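Listed below, chain by chain, are the residues.
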Amino acid sequence: MMQDDSHLYDRALFERAIDACTPPDERTRWLFLLKCLTAWALMVGADPRESGLRWSERWGGWSESSKKDKPQIRAACKSSQEFGNQAACAQEFLTFSGVRWGKLAKSEPRSPVPAPARVSKADQQAKRKSAQKAVERRKKNQTNQLARLIADRTGKPELTPYWKAKQRAAGDSPLPLPAEWRASTGIWREFPDGKDKGGAWWRNNLVIPLYELTPKRRLRTVGVQIICGSSKSQDYQTGDKFFPAGTPLLGHFHSFPGCGAALEKGAPLILVEGAITGLAAAHCTDFKAPIVCCFSVSTMASVAAAFRAHFPELEIVLLPDTGEAYRLCMELVHGDREKGIESRLGNASVIDLFPLLPDARENGDFFDVYARHGKEYSLAHLRQLVRVARSHKSPILTR
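Definitions and limits used
Residues numbered from 1 in each chain as written. Predicted model: local features only at pLDDT ≥ 70, side-chain atom pairs only at ≥ 80, totals over all residues. Heavy atoms only, no water. pLDDT = per-residue confidence, 0-100. Contact = heavy atoms within 4.5 Å. Phe/Tyr/Trp six-rings, centres within 6.5 Å; stacked < 30°, edge-to-face > 60°. Helix = DSSP H or I, 4+ residues; strand = E, 2+ residues; numbered from the N terminus. Buried < 20%, exposed > 50% of the residue type's maximum accessible area, 1.4 Å probe, protein only. Lys NZ or Arg CZ within 6 Å of the ring centre and 35° of its normal. Core = buried A, V, L, I, M, F, W, Y, C linked by side-chain atoms within 4.5 Å. Axes fitted to C-alpha atoms, helices over the stretch in contact; angles between N-to-C directions. Parallel < 35°, antiparallel > 145°, perpendicular 65-115°, else oblique. Left-handed = near helix turned anticlockwise from the far one by under 90°. Nonpolar A, V, L, I, M, F, W, Y, C, P; charged D, E, K, R; others polar. Pairing = 2+ DSSP bridges.

**Student:** Any chance you could break down the confidence of the model for the protein for me, citing the residues and the numbers?
**Tutor:** Here the protein averages 81 in pLDDT, while 80% of its residues score no lower than 70. A low-confidence stretch, residues 62–68 stays under pLDDT 50, and its non-local contacts, those more than four residues away or across chains, total nine contacts. With pLDDT under 50 throughout, residues 104–116 is counted as low confidence; its partners more than four residues away or in other chains account for four contacts.

See below:
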């Protein structure tokens, strides 16, 4: 019998669950429930980062360690998009909150108000279908926006606030603008509930295409990443990123010119997180190295698998941000015996950027190195870091 999870699409129940519980003292348990919460937020159309932050602020150790924990909330928002069963994650958080729903609410003390009539199975199915249709409508709206973005070639990405900010940061070493990048004059980040009710409209956005590798080793556009230019909503600012609902992330990526030719010559594939980070690394090598943007640490393993389906002996080099992203990549490549985590990537290595960014313990990336020191310095140290990382790479996995 199919389990009825229509209650998990109830936004009011979601808000009650957040307000009803405080984060556990144990850090690992808090992070697990945080990922469950952000997965549930995606189901009900709430903002995962805002919801996770609002709930986590009630954690006992938050006030003294908020600077360290906010990056982990962002990481939880990214990894929650990879969960295959978001309903199970949502149910886990709901159970933890202690909020009762459906038949379980009968065990609560009776009130003088007459109990509502029992909901029939037909009504339950109708409620679930209605909730699913609402989700499908949101996905369809954003899918239509996606189609327009991919087809639109009239925008000027060089004029978007995010791109201009990165060029100012690069100083005397400006980055070349990839021909595949687009600009959108505006897009709904959050659709309004009704006429003139809520919603968040992003303006002058940078649009980065997502690709998949076809059986013939060609690139096919399957989605986009939107980088905010500006928004009147106080919840968003320049540089915030999101993927339209329904965007497939696992195994999909953004690559730069020269990637295919370098792979054919047997060069190791370098995986990075952000598009600007990848562009800076590719520009340093004059687009002669295979550099691919995965958008998140959580999708690096699936992107590596997609390329190894075509290049079975391919060597992988991960170039993550400093801090938590680096630790996650080390677990991905080498595993962690104490935590019982096995390696998911054989014949792979991880680059540590911390020696080049000693003041950036969290979220320092290769673009920061490029912006501070320029192209020649960054290329020389990138080559050195790759050599060091490859000397400590993981063995080839056999399964």
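This is not the end of the story, as more comes after the structure.
**Student:** I'd like a rundown of the packing of aromatic side chains, residues and numbers included.
**Tutor:** Under the defined criterion, the tally for this structure stands at 10 aromatic pairs. Their ring planes at 85 degrees and their centres at 5.2 Å tell us that Phe 14 and Trp 40 sit as a pair that is edge-to-face. With a gap of 26 residues between them, Phe 14 in helix α1 (residues 11–20) and Trp 40 in helix α2 (residues 27–44) connect regions that are remote in the sequence. Taken individually, Phe 14 and Trp 40 each receive the classification buried, so the pair is uniform in this respect. Taken together, the aromatic side chains of Phe 14, Trp 40, Trp 55, Phe 93 and Phe 96 make up a single cluster linked through ring pairs. Its guanidinium or amino end placed over the ring of Phe 311, Arg 217 lies 4.3 Å from that ring's centre, counting from NZ or CZ.

**Student:** Outline helix α10 (residues 300–308), listing residues and values.
**Tutor:** In terms of residue burial, α10 counts as a mostly covered element, since seven of its nine residues are buried. Considered for burial, the residues of α10 that qualify are Met 300, Ala 301, Ser 302, Val 303, Ala 304, Phe 307 and Arg 308. On its buried face, α10 sits against β2 (200–213), α8 (259–264), β7 (269–272), β8 (291–293), β9 (316–319) and α11 (324–334).

**Student:** So what's going on with the nonpolar core? Which residues, and what values?
**Tutor:** One finds Leu 175, Trp 181, Ile 291, Leu 319, Ile 351 and Phe 366 to be the most contacted residues of the largest nonpolar core, which totals 41 residues. At the level of elements, α7 (161–170), β2, β7, α9 (275–284), β8, β9, α12 (366–373) and α13 (375–390) are the ones that each hand at least two residues to this core. Ranked by residue count, the leading element in this core is α9, at seven residues. Not counting residues up to four positions away in its chain, the partners in contact with Leu 175 are Trp 163, Gln 167, Ile 276, Leu 279, Ala 280, His 283, Phe 367 and Tyr 370. Counting residues in hydrophobic clusters, the runner-up holds 26 residues, among them Cys 259, Leu 269, Leu 318 and Leu 332.

**Student:** Go over unusual backbone geometry with me, naming the residues and quoting the values.
**Tutor:** Its identity as a non-glycine residue notwithstanding, Phe 287 has a phi of 60 degrees, on the positive side. Looking at the element boundaries, Phe 287 is found in the loop between α9 and β8. Note on Phe 287: relative accessible area 24%, which makes it partly exposed. At Asn 347, a residue that is not glycine, the phi angle is positive and equals roughly 50 degrees. Given the relative accessible area of 10%, Asn 347 is considered buried.

**Student:** Tell me about the packing of α1 against α2, and please be specific about residues and values.
**Tutor:** Remark: α1 packs on α2, axes separated minimally by 10 Å, with the N-to-C direction vectors making an angle of 155 degrees. Here α2 runs roughly antiparallel to α1, going by the angle between their axes. The chirality of how α1 crosses α2 is left-handed. Along the contact surface, α1 presents Arg 11, Leu 13, Phe 14, Ala 17 and Ile 18, while α2 presents Leu 37, Trp 40, Ala 41 and Val 44. Each residue belonging to the contact of α1 with α2 can be placed in one class, and the counts come to eight nonpolar, no polar and one charged.

**Student:** Could you give an account of the sheet that holds β8, naming the residues involved and the relevant values?
**Tutor:** Strand pairing in a sheet relies on backbone hydrogen bonds. The paired strands run either parallel or antiparallel. Pairing is mixed in the open sheet, where five strands are placed in the order β6-β8-β7-β9-β10. If you trace the sheet from one side to the other, it starts and ends with β6 (254–255) and β10 (348–350), each paired once. Looking at chain direction, β9 and β10 are connected through three bridges and run parallel. Across the sheet, residue Val 317 finds its bridge partner in β10, namely Ser 349.

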